[in-house]
Amino acid sequence: MFGIFFEEINHAGAGGLWAELVSNRGFEAGGPNTPSNIDPWLIIGDESSIIVGTDRTSCFAHNPIALRMEVLCDSKRTNACPSGGVGVYNPGYWGMNIEKGKVYKVSMHIRSSDAVSLTVSLTSSDGRQKLAAHTITGSKKSFAKWTKIEFSLKSRQNNTNSRLQFTTSKSGVIWLDQVSVMPLDTYMGHGFRKDLSLMLANLKPQFLKFPGGNYAMGNHLRNAFRWSETVGPWEERPGHFNDAWGYWTDDGLGFFEFLQLAEDLGASPVWVVNDGASLNEEVSTATIASLVKDVVDGIEFARGGPKTPWGSVRAAMGHPEPFKLDYVSIGNQECWMLYYRGNYQKFYSAIKAAYPEVNIISSCDRSTISPSNPADLYDVRVYTSSSNMFSRTSMFDNTPRSAPKAIVSEYAVTGNDAGKGTLVAALAEAAFLIGLERNSDVVEMASCAPLFVNDNDRRWSPDAIVFNSWQHYGCPNYWMLHFFKDSSGAALHPTTIQISDYDQLVASAITLQNATDRSPYLRIKVVNFGNRAVDLNISVVGLANGIKMSGSKQTVLTSSNPLDENSFEQPEKVAPVSSPLANAKPQMGLSLRPYSLTSFDLLLEASKHASI
């Protein structure tokens, strides 16, 4: 039931989850007209010693832009280069985190009009501290044509604010293109930043919805996420401008990588397809056929056999077995747009004809679903204040108990008390999720949004996980999700709260098996959304073999102030704290702290049905 929603926002992928350290690695971010802006690349030297620009001489048809360095100085005394040479450097995404003893794979394409002696280095941000280096040498003939070079650099020191630099003291013209630096130590060896991926894995997500959000649409269709341009060799991916959130994406994190990440996390992929709409334009139903075919081709890329046209592309990327893509969301909440319903039916019919087992998600609400406008699921978004979110624990209580079910694909507390991720916001969201647990017969999935934020590019607050090049922490709502990570597949039991003059409590009870030792537990979760401490008398009935006296525990998420947040300095200021629960039994007195989420995990003799 509970999963994660990834959108390329806040540099979540580029410079975040995707471990590529070089920003604008193909020099395409400045656009197709040359010479162009090469940001964030910068020059080592000055105009008397080197002239750097872009031209359209790349060997890649889809990536025509290359960097051209004309070195004017030399090692000769009459026109000597500065000490250390001249060249260019790339600071990555607000500094590269280079770790002592770690190995980094460098890949690049090079061409030259003369003999080459080019030093490739990982250095400190000012270039003075040398972490690792490799010198490329060759005759004039060696690099007369574009040549791919790959090598590894092993760092001798730590530096969290490093850069990649190319330097030479030899005159001539050198072209560079598709420059990559990737750590060898990535999650599952598939290119994902390990620490951030483990944050996701620790949530045990049941699904991964991607790639957005507005990112899937774009402000304009020319900047929408096009799945087929994000697969195949990374050097041949054109990249695109993420105009929804204002930055360039090289698309190293593409359709294949999202599917791979879902598989690595043990999660079901949920693909949000572009259905011919951006935020400012849309394709009419009369001309939508080519986009429909494109989406069906995308499903073949994921699910097709290795000898199918698109399945063979996936197989060539190293994954001959199909991915288990069972959910496709048609668009991103654009039911209000002129052509959506007509276009949706075209997508629905074509997908079901080719892949009848794929579940299709509509952007329209439940009231629009009918035999003439079918859907397997419908999308729901909830962005609201903490008080309103708390009240929405009953949002689905009166929903008809017939298909289709809902996917609450984006929810978040926003507003003044949300801050950058506060305790009170997390508690309100916990109450909402308890309501979804209680209504899991009509709610299939739920995921918060946004998932990640690079602290250097905060386009949206709050977010679940905050990071920079070398640090990360979970916000209170991230830690809140840990209380629900074992809910999927558990059995729900009825709960009743009887307390006068206090309506700030929400509770649920589930039976589950501990993932480590398979021991059965009854987990009672209670949100106290008010400023009162509460003493409860808990009575559990219906357990045939009772509760063990020892082995139970309680876990509490709270803090001294409801507006408390976590930070790099205090990453677990608001985080769950567990302690043994002594003398557990079917009837017992327990205390709830103000503004808290408490989980009571009662170890059972045997897993039986119960009511509370």
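Residues numbered from 1 in each chain as written. Predicted model: local features only at pLDDT ≥ 70, side-chain atom pairs only at ≥ 80, totals over all residues. Heavy atoms only, no water.

### Here we look at the nonpolar core
Rules: Buried residues of nine kinds, namely Ala, Val, Leu, Ile, Met, Phe, Trp, Tyr and Cys, make up a nonpolar core once their side-chain atoms join them within 4.5 Å. Throughout this description, buried means an accessible area under 20% of the type-specific maximum (1.4 Å probe, protein chains only), exposed means over 50%, and partly exposed covers the range between. In this description, contact between two residues means that some pair of their heavy atoms is separated by no more than 4.5 Å.
Residues Trp271, Tyr411, Leu433, Phe452 and Met480 are the most contacted members of the largest nonpolar core, which totals 103 residues. Once residues lying within four places of it in the same chain are set aside, the contact partners of Leu433 are Phe2, Tyr411, Ala446, Met480, Leu481 and Phe484. Among the nonpolar cores identified, the runner-up in size contains 38 residues, and Val22, Leu67, Val88 and Ile149 belong to it.

### Observations regarding the sheet that holds strand E24 (residues 472-474)
Selection criterion: In this scheme, strands are said to pair when DSSP sees at least two bridges between them. Counting from the N terminus, the helices are the DSSP runs of H or I reaching at least four residues and the strands are the DSSP runs of E reaching at least two. Only the stretch in contact is used when fitting a helix axis, every axis being a line fitted to C-alpha atoms; angles between N-to-C directions are given from 0 to 180 degrees.
If you trace the 3 strands from one edge of the open sheet to the other, you get E22-E23-E24, paired in mixed fashion. Strand pairing shows two members of the sheet lacking a second neighbour, strand E22 (452-454) and E24, which therefore form its edges. Averaged over all pairs of adjacent strands, the angle between their axes in this sheet comes to 20°, without regard to strand direction.

### A word on unusual backbone geometry
Residues Asp39 and Pro40 are joined by a peptide bond in cis, for which omega reads 5°. The topology assignment puts Pro40 in the loop between strand E1 (4-5) and strand E2 (42-44). The peptide bond linking Ser461 to Pro462 adopts the cis configuration, its omega dihedral lying at 0°. Its location among the elements puts Pro462 in the loop between E22 and strand E23 (465-467). The backbone of Met188 sits at a positive phi, close to 60°, despite the residue not being glycine. Inspection of the secondary structure puts Met188 in the loop between strand E12 (172-183) and helix H1 (194-201). A positive phi angle, near 55°, is found at Gln333, a position not held by glycine.

### Details of the pattern of salt bridges
Formally: Within this document, salt bridges are pairs made up of a side-chain nitrogen of Lys or Arg and a carboxyl oxygen of Asp or Glu, the two lying within 4 Å of each other.
Scanning the model with the defined rule gives 28 salt bridges in all. Close ionic contact of Arg523 with Asp601 constitutes a salt bridge, the shortest N to O distance being 2.8 Å. Taken together, the positions of Arg523 in strand E27 (residues 520-528) and Asp601 in strand E32 (residues 596-603) put the pair 78 residues apart, joining distant regions of the chain. The pair Arg523 / Asp601 is uniform in exposure class, with both members buried. Ionic pairing is found between Asp564 and Lys573, a salt bridge with its closest N-O pair at 3.7 Å.

### Some thoughts on empty space enclosed by the protein
In plain terms, the rule: Detection works on a 1 Å grid of protein atoms alone, calling trapped sets that fit a 1.4 Å probe cavities and calling open sets with protein on both sides within 12 Å along at least five of seven lines pockets, with lining residues defined by an atom within 4 Å of a point. Grid points are joined across faces, edges and corners, and a volume is the space filled by probe spheres set on the points. Each residue gets one of three labels, nonpolar for Ala, Val, Leu, Ile, Met, Phe, Trp, Tyr, Cys and Pro, charged for Asp, Glu, Lys and Arg, and polar for the others, Gly among them.
Taken as a whole and assessed by the stated rule, the structure comprises 5 cavities of 30 Å³ or more. The volume enclosed by the largest cavity comes to roughly 100 Å³. The residue inventory of the lining of the largest cavity, partitioned by class, reads 6 nonpolar, 3 polar and 5 charged. Taken as a whole, the second largest cavity spans an internal volume of roughly 90 Å³.

### Let's talk about H1
To keep it simple, the criterion reads: What the arc describes is the spread of directions from the helix axis to the C-beta atoms.
Looking only at H1, the buried set comprises Leu196, Ser197, Met199 and Leu200. Buried residues of H1, seen end-on, are gathered within an arc of 150° and therefore sit on one face of the element.

### Focus: the sheet that holds E1
Overall, parallel pairing links the 8 strands, which are arranged E1-E13-E16-E17-E18-E19-E20-E21 in an open sheet. The open sheet has two free edges, formed respectively by E1 and strand E21 (443-448), since each of these has just one partner strand. Bridge analysis of strand E18 (residues 359-362) against strand E19 (residues 377-384) gives 2 bridges, and the strand direction is parallel. Note that in E19 the partner of Ile361 across the bridge is Leu377.

### Focus: the packing of helix H4 (residues 289-303) against helix H6 (residues 340-354)
As a reminder, the rule being used: With the far helix as reference, a near helix turned anticlockwise by less than a right angle produces a left-handed crossing, and one turned clockwise produces a right-handed crossing.
Viewed as axis vectors pointing N to C, H4 and H6 meet at an angle of 35°, and their least axial separation amounts to 10 Å. In this structure, H4 crosses over H6, and the sense of that crossing is right-handed. Counted together, Leu291, Val292, Val295, Val296 and Ile299 of H4 and Lys346, Phe347, Ala350, Ile351 and Ala354 of H6 form the full contact between these two elements. Across the contact of H4 with H6, the residue classes tally to 9 nonpolar, no polar and 1 charged.

### Examining the side chain of Ser362
In plain terms, the rule: Whenever two N or O atoms come within 3.5 Å, that pair is a polar contact, provided that in protein one can donate a hydrogen and the other can accept it, and provided that, for residues adjacent in sequence, both atoms are side-chain atoms.
Examined against the element boundaries, Ser362 turns out to sit in strand E18. For Ser362, a relative accessible area of 0% puts it in the buried group. Among the polar contacts listed, one links the side chain of Ser362 to the backbone nitrogen of Cys364, at a separation of 3.0 Å. The residues touching Ser362, leaving out its near neighbours within four places in the chain, are Tyr340, Tyr344, Ile369, Ala375, Leu377, Tyr378 and Asp379.

The analysis is restricted to geometry; functional conclusions fall outside its scope.
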